[in-house]
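# Fold and geometry: a report
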Amino acid sequence: MNTAIVFINTEPARVGEVAEEIAALDGVTEVYSVTGEVDLIAIVRTRSVESISDVVVGTINKVPGVTGTRTHLAFRAYSTHDLEAAFSLGD
């Protein structure tokens, strides 16, 4: 599995709408609204590196309200904990 961290800038009035649309895209596993120099951070996971390009260039960049992206490929994961389990209420 290949992972990319995508920093996304949006039109200020559309952050929530853009986040929801991006979160629904195939290959996007998480979207966070954040403080700082970018508006959103998306986590993209695909089977091939080429597919990351398809997700970012082919879909994320075309979402209305996206004004720019910067993509960082992850080389290696050092954390193996499951975030969903960490925040689970013990169903």
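Because the structure is a prediction, the values reported are computed rather than measured. (Residues numbered from 1 in each chain as written. Predicted model: local features only at pLDDT ≥ 70, side-chain atom pairs only at ≥ 80, totals over all residues. Heavy atoms only, no water.)

## Remarks on the side chain of Thr 10
As for its position among the elements, Thr 10 is in strand E1 (residues 2-10). Residues contacting Thr 10, with those up to four places away along its chain left out, are Val 15, Val 18, Asp 39, Leu 40, Gly 65, Val 66 and Thr 67. (Helix = DSSP H or I, 4+ residues; strand = E, 2+ residues; numbered from the N terminus. Contact = heavy atoms within 4.5 Å.)

## Quick look at helix H1 (residues 15-23)
Within H1, the full set of buried residues consists of Val 18, Ala 19 and Ile 22. Down the axis, H1 shows its buried residues gathered within 100° of arc, on one side only. Contact partners of the buried residues in H1: E1, strand E2 (28-33), strand E3 (40-46) and strand E4 (66-73). (Buried < 20%, exposed > 50% of the residue type's maximum accessible area, 1.4 Å probe, protein only. Arc of directions from axis to C-beta.)

## Topic: the environment of Glu 37
Secondary-structure assignment places Glu 37 in the loop between E2 and E3. Spatially, the C-alpha atoms of Glu 37 and Phe 7 are 9.1 Å apart, while their sequence positions differ by 30 residues.

## Observations concerning the nonpolar core
One finds Ile 8, Ile 22, Val 28, Val 44 and Ile 60 to be the most contacted residues of the largest nonpolar core, which totals 16 residues. Looking at this core, the elements with two or more residues in it are E1, H1, E3 and helix H2 (49-58). If sequence neighbours within four positions are ignored, Ile 22 has contacts with Ile 8, Val 28, Val 31, Leu 40, Ala 42, Ile 60, Val 63 and Val 66. (Core = buried A, V, L, I, M, F, W, Y, C linked by side-chain atoms within 4.5 Å.)

## A short note on the pattern of salt bridges
As enumerated under the stated definition, the model contains two salt bridges in all. Its salt-bridge partner being Arg 45, residue Glu 30 comes within 3.0 Å of it at the nearest N-O pair. Of this pair, Glu 30 sits in strand E2 while Arg 45 sits in strand E3, placing them 15 residues apart in sequence. The exposure class of Glu 30 is partly exposed, given its relative accessible area of 23%. A residue is classified by how much of its surface remains accessible, and Arg 45, at 34% relative accessible area, is partly exposed. (Salt bridge = Lys/Arg side-chain N within 4 Å of Asp/Glu carboxyl O.)

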